[in-house]
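# Structural description and commentary
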Amino acid sequence: MKITQKDINDAVWKACDTFRGSIDPSVYKDYVLTMLFLKYLSDVHDDKMEGYLAKYNGDVERAKRAMQHERFIVPEHSHFKFLYDSRNEANIGELINIALTDLEEANREKLYSEDGAGIFQNIDFNSSKLGEPKDKNTRLKTLLIDFKSDKLDLRPSHLEGNDIIGGAYEYLISNFASDAGKKAGEFYTPSEVSTLLAKLTQSKPGSRICDPTCGSGSLLIKAGQEVGSDNFSLYGQEANGSTWALAVMNMFLHGFDNATIRWGDTIRNPKLKEGDTLMKFDTVVANPPFSLDKWGKVEDKDGEKTTVSYDPESDKYNRFWRGVPPKSKGDWAFISHMIETLNEHGKAGVVVPHGVLFRGSSEGKIRQKTVEENLLEAVIGLPANLFFGTGIPAAILVFNKARSLSVVEGKGGKNVLFIDASKHYESAKNQNKLRESDIEHIVTTYRDFAAGKLQPGVVEDKYSYVATPAEIQENDYNLNIPRYVDTFEEEAEVDIAKVQKEIEQLEGELKDVQTEIDKYIKSLGA
């Protein structure tokens, strides 16, 4: 019987019991996800080897030669079976580390970044984070035993479908995110929000798609899957080394072997370049860190001497020509980067905190310029408590370079769509969720607007509104959604005569009760 998605999800989640209670989920997630990746490569290796042995009538040497041309090369000491057989060794943590290093070396082109960083360099199975030596060895042994389960036989010939491994990885990441609380926002965008962003920015076949703050890569993968064909290329950059490694593994487990995921700070050190210029994309999606403090200028102090190693004022890619955002709020820095990396018909979708819509000073000036350039297409308010680690409501901004081009050609419009979807969600235990119908409602309204079907003014009462540039200018380029979508709920009219009658009735009843009380007091006194 083939193994289903549910079988694998349940088995990998059970494997996490080894760490629960003693180690923080934000730490142990890397160990479980790395083990899943290693087990997958080992099982695929065995499946392929079996096929070649059958093909070459048991000729082991011939089969081994054929294996050298496979997607991944798995050295004997890097194979899960070797590690499982060594599970009782006193240095099992060290053996796993060596296995991962050898696996990287055998697959340098795939498992090393262009800067020479291996994807496993930030994970240490011999670390004291896993406890004292004896406890650590017990945990690692249990982890290996859990992954030996029949339910975690990841050979493709035993699975119900090709997407199951990627699905299990996503399942683990989303569950870790709900366990990890505040730290989760650093690596995961809730699935429904990713789906919404991917649909709003839907890429055509042949597109280059980028997420400049890609976390574990889930949003980038969703954007790719929305294309509807295999003809697209994925690019991402992630500042956190451990999370970058998760993103690289995520791409392989979903079969996106040609994705380019770079490790580094997108603002200070953008890595996705062509020669000396920033690479341009058809689609850019992101859920950057909300209002990141100290995002820009870097001053290196050496005694009396101070060297500025990065200053957004003199950014060599000129990304902040509209203005430099305040140093304590990085939102518009990421948005500026995204806009500057769009090609002439590119589209960007970004998740932002509401302050981005109305804060003044340099942010107000940048916001005004994006409206005047006719780049801003839609502002969509989301429900509160959708994101891990923060209860604050967020919004999605959609920017479209093709709009300014179409206006020049005498076609497109300059209006902006506002949607207030903050009341449309399903309330869950820890997190609110967008339902399929909520996503569909937003996407249909947006697509109707993009197709030129919606006139300025109220589109749907208390939900959507099309604003003209003149209205936005009148509001001093403040994009706060209630300025456009009237969300005011009128209170029910009060029937004064009826209320007066009820008061008189209550006063009469009170009199009767008081009379009764007086009688009791008198009888007690007697």
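Report on the accompanying structure.

Rules used in this analysis
- Residues numbered from 1 in each chain as written.
- Predicted model: local features only at pLDDT ≥ 70, side-chain atom pairs only at ≥ 80, totals over all residues.
- Heavy atoms only, no water.
- Core = buried A, V, L, I, M, F, W, Y, C linked by side-chain atoms within 4.5 Å.
- Buried < 20%, exposed > 50% of the residue type's maximum accessible area, 1.4 Å probe, protein only.
- Helix = DSSP H or I, 4+ residues; strand = E, 2+ residues; numbered from the N terminus.
- Contact = heavy atoms within 4.5 Å.
- Phe/Tyr/Trp six-rings, centres within 6.5 Å; stacked < 30°, edge-to-face > 60°.
- Pairing = 2+ DSSP bridges.
- Axes fitted to C-alpha atoms, helices over the stretch in contact; angles between N-to-C directions.
- Parallel < 35°, antiparallel > 145°, perpendicular 65-115°, else oblique.
- Left-handed = near helix turned anticlockwise from the far one by under 90°.

One finds Ile8, Phe37 and Phe147 to be the most contacted residues of the largest nonpolar core, which totals 102 residues. Per element, the largest residue contribution to this core is eleven residues, and it comes from helix α2 (residues 25-55). Excluding its chain neighbours within four sequence positions, the residues that come into contact with Ile8 are Ile3, Lys151, Leu152, Leu154, Leu159, Ile164, Ile165 and Ala168. With 35 residues, the next largest nonpolar core counts Tyr235, Leu376, Ala395 and Ala467 among its residues.

Another point: the environment of Ser216. Note on placement: Ser216 falls in the loop between β1 (207-211) and α10 (218-225). Look at Ser216 and you get buried, because its relative accessible area is 1%. For the pair Ser216 and Met249, spaced 33 residues apart in sequence, the C-alpha separation works out to 8.7 Å.

Moving on to the packing of aromatic side chains. Here the structure, examined in full by the defined rule, presents 17 aromatic pairs. Between the aromatic rings of Phe80 and Tyr84, the centroid separation amounts to 6.3 Å while the plane-to-plane angle is 20°, which identifies the pairing as stacked. With Phe80 and Tyr84 both in helix α4 (residues 80-85) and four residues apart, the pair spans about one turn of that helix. Considering the side-chain rings of Phe232 and Phe256, the 5.6 Å spacing of their centres and the 65° angle between planes classify their relative orientation as edge-to-face.

Attention shifts here to the pairing of strand β9 (residues 342-353). Along any regular strand the residues' side chains alternate between the sheet's two faces. Taking burial as the measure, the twelve residues of β9 include ten buried ones, the bulk of the element. Sheet analysis places strand β6 (residues 281-286) next to β9, joined by five bridges and oriented parallel. Residue pairing for β9: Val284 is matched across the bridge by Ala348. Here β9 runs beside strand β11 (residues 394-400); their pairing, made up of seven bridges, is antiparallel. Residue pairing across strands places Pro353 opposite Ala394, the latter belonging to β11.

In the sheet, strand β7 (residues 298-302) pairs with strand β8 (residues 305-310) via five bridges, with the strands oriented antiparallel. Its bridge partner lying in β8, Asp302 is registered against Lys305.

The buried fraction of helix α12 (residues 331-340) is high, at ten of ten residues. Taken as a whole, α12 has its buried residues at Asp331, Trp332, Ala333, Phe334, Ile335, Ser336, His337, Met338, Ile339 and Glu340.

Glancing now at the packing of helix α9 (residues 191-200) against α10. Following both chains from N to C, one finds α9 and α10 inclined at 45°, their axes separated by 8 Å at the closest point. Between α9 and α10, the interaxial angle falls into the category oblique. In terms of crossing hand, the pair formed by α9 and α10 is right-handed. Where α9 abuts α10, its residues Ser191, Ser194, Thr195, Leu197 and Ala198 lie against Leu219, Lys222 and Ala223.

In this section: the sheet that holds strand β3 (residues 260-263). The ten strands lie next to each other as β3-β2-β1-β6-β9-β11-β10-β12-β16-β15, forming an open sheet whose pairing is mixed. Edge positions in the open sheet fall to β3 and β15 (457-460), since each of these has one partner strand only. Sheet twist, expressed as the mean angle between neighbouring strand axes with direction ignored, is 15°. Of the strand pairs in this sheet, strand β10 (residues 376-381) and strand β12 (residues 416-420) are connected by four bridges, and their pairing is parallel. Looking across to β12, one finds that Ala378 is bridged to Leu417.

Function cannot be read off these values alone, since they describe shape.
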